[in-house]
Amino acid sequence: MSIQDELKRAVARAALGQVAPWFGTNAAIGVGTGSTADLFIDELAAHRGSIAATVASSDRSAARLRSHGIRVVDLNEVESVPVYVDGADEIDASLAMIKGGGGALTREKIVAAVAQTFVCIADASKKVEVLGRFPLPIEIIPMARSFLVRELSRLGGEPRLRDGYLTDNGNQILDVHGLRITHPRSLEEQINQLPGVVTVGLFAARGADILLLGSPDGVQESRRK
């Protein structure tokens, strides 16, 4: 196991402390998508008997949860999600994030919007001063692709189609390279207003509430101010 994998596993284990208060209740726990979220799911497996239900942000995560014998329900079946645990492709000091490298950004954003507390788990390589080194994913309606490539290019980025990929919702993804995102919330609003955009992978209006960051010195916890 690489050092990065060890850091991911450490934060996945630490995240159990954020969801443990809901063990033995009727609460549904929100679970994200990606390599770090996969490790969190594996950690949940030891507590499957105490978990009433989970809400997954992707088909991939739902399948992994079910493989561990953990119940998965549709978000429409629950009134609230007290805590949502997910990773990030990048996160800054304000706990705004770029997400969607795994293609689940729309469902991730929906679950995050419902959750009372959003816990981001990440290794230290994901913490950045300015977002944008990681290409910004945008889920789009396919018929709008050429239009959106033109519009997004005007913002200073280089949109590239994620070739051969469809989201769980049947849409395409444009990954926008070369952006330097100094005002993530305003850019999120601007891109969301473009016709044909389903979701932009900027999580600034609804960023993380808690960051558990894995570093060689241990897991560091930060909270949104």
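Coordinates for the structure precede this section.
Residues numbered from 1 in each chain as written. Predicted model: local features only at pLDDT ≥ 70, side-chain atom pairs only at ≥ 80, totals over all residues. Heavy atoms only, no water.

Draft legend 1. Broad picture of the packing of aromatic side chains. With the rule as written, the count across this model stands at one aromatic pair. If you follow Lys109 out to its NZ or CZ, it ends over the ring of Phe203, 4.9 Å from the centre. (Phe/Tyr/Trp six-rings, centres within 6.5 Å; stacked < 30°, edge-to-face > 60°. Lys NZ or Arg CZ within 6 Å of the ring centre and 35° of its normal.)

Draft legend 2. Local environment of helix H1 (residues 3–14). The end-to-end C-alpha separation of H1 is 17 Å, in line with the 16 Å expected for twelve residues at 1.5 Å each. Looking at the buried side of H1, the elements it contacts are helix H2 (16–19), helix H3 (35–44), strand S6 (115–123), strand S12 (210–215) and strand S13 (218–223). (Helix = DSSP H or I, 4+ residues; strand = E, 2+ residues; numbered from the N terminus. Expected span 1.5 Å × (residues − 1). Contact = heavy atoms within 4.5 Å.)

Draft legend 3. Spatial organisation of H3. The buried fraction of H3 amounts to eight of the ten residues, a majority that puts the element mostly inside the structure. The set of residues buried in H3 consists of Thr36, Ala37, Asp38, Leu39, Phe40, Ile41, Glu43 and Leu44. The secondary structure elements touched by the buried residues of H3 are H1, H2, strand S1 (28–31), helix H4 (59–67), strand S3 (81–86) and S6. (Buried < 20%, exposed > 50% of the residue type's maximum accessible area, 1.4 Å probe, protein only.)

Draft legend 4. Highlighting the packing of H1 against H3. Put simply, H1 and H3 touch, their axes get as near as 8 Å, and they point 50 degrees apart. In terms of orientation, H1 and H3 fall into the oblique class. For the crossing formed where H1 meets H3, the hand is right-handed. Contacts between H1 and H3 involve Asp5, Lys8, Arg9, Val11, Ala12 and Arg13 from the former and Ser35, Thr36, Leu39, Phe40 and Glu43 from the latter. Split by residue class, the contact of H1 with H3 holds four nonpolar, two polar and five charged. (Axes fitted to C-alpha atoms, helices over the stretch in contact; angles between N-to-C directions. Parallel < 35°, antiparallel > 145°, perpendicular 65-115°, else oblique. Left-handed = near helix turned anticlockwise from the far one by under 90°. Nonpolar A, V, L, I, M, F, W, Y, C, P; charged D, E, K, R; others polar.)

Draft legend 5. Quick look at the sheet that holds strand S2 (residues 53–56). Pairing is mixed across the open sheet formed by six strands, whose spatial order is S2-S1-S3-S6-S12-S13. Strand pairing shows two members of the sheet lacking a second neighbour, S2 and S13, which therefore form its edges. In this sheet, adjacent strand axes meet at a mean angle of 20 degrees when their direction is disregarded. The sheet contact formed by S1 and S2 spans four bridges and is parallel. Within the sheet, the bridge partner assigned to Ala28 lies in S2 and is Ala53. (Pairing = 2+ DSSP bridges.)

Draft legend 6. Spatial organisation of the side chain of Lys8. One can find Lys8 in helix H1. We note that Lys8 is buried and unpaired, the nearest opposite charge coming from Asp5 at a distance of 4.6 Å. Looking at Lys8, its side chain comes within polar contact range of the side chain of Ser35, at 2.8 Å. Dropping the residues within four chain positions of it, Lys8 is found in contact with Ser35, Thr36, Leu39 and Asp123. (Lys, Arg positive; Asp, Glu negative; His and termini not counted. Salt bridge = Lys/Arg side-chain N within 4 Å of Asp/Glu carboxyl O. Polar contact = N/O pair within 3.5 Å; in protein donor to acceptor, adjacent residues only side chain to side chain.)

Draft legend 7. Spatial organisation of the pairing of S12. Of all six residues in S12, six are buried, a share of seventy percent or more. Burial of S12 is two-sided: the residues Ile210, Leu212 and Gly214 facing one way and the residues Leu211, Leu213 and Ser215 facing the other way are all buried. Where S6 and S12 come together, five bridges link them in parallel fashion. Directly across from Ala122, in S12, lies its bridge partner Leu213.

Draft legend 8. Representation of the packing of H3 against H4. Where H3 meets H4, the axes come as close as 10 Å, and the angle between the chain directions of the two elements is 20 degrees. Comparing the axis directions of H3 and H4 gives the class roughly parallel. Seen along the crossing, H3 lies across H4 with a hand that is right-handed. Touching Ser35, Asp38, Ile41, Asp42 and Leu44 of H3 are Arg60, Ser61, Arg64 and Leu65, all from H4. When its residues are assigned to classes, the contact of H3 with H4 shows three nonpolar, two polar and four charged.

Draft legend 9. Spotlight on the nonpolar core. Counting residues in hydrophobic clusters, the biggest one holds 24 residues, and the most contacted among them are Val19, Phe40, Leu44, Leu65, Val85 and Ile121. Looking at this core, the elements with two or more residues in it are H1, H2, S1, H3, H4, S3, S6 and S12. Top contributing element to this core by residue count: H3, with four residues. Apart from residues lying up to four places away in sequence, Phe40 is in contact with Ala12, Ala15, Leu16, Val19, Val31, Val85 and Ile121. (Core = buried A, V, L, I, M, F, W, Y, C linked by side-chain atoms within 4.5 Å.)

Draft legend 10. Focus on the environment of Arg64. Relative to the elements of secondary structure, Arg64 occurs in helix H4. In this structure Arg64 comes out as partly exposed when scored by relative accessible area, which is 30%. On a C-alpha basis, the gap between Arg64 and Val219 in space is 25 Å, while along the polypeptide they are 155 residues apart.

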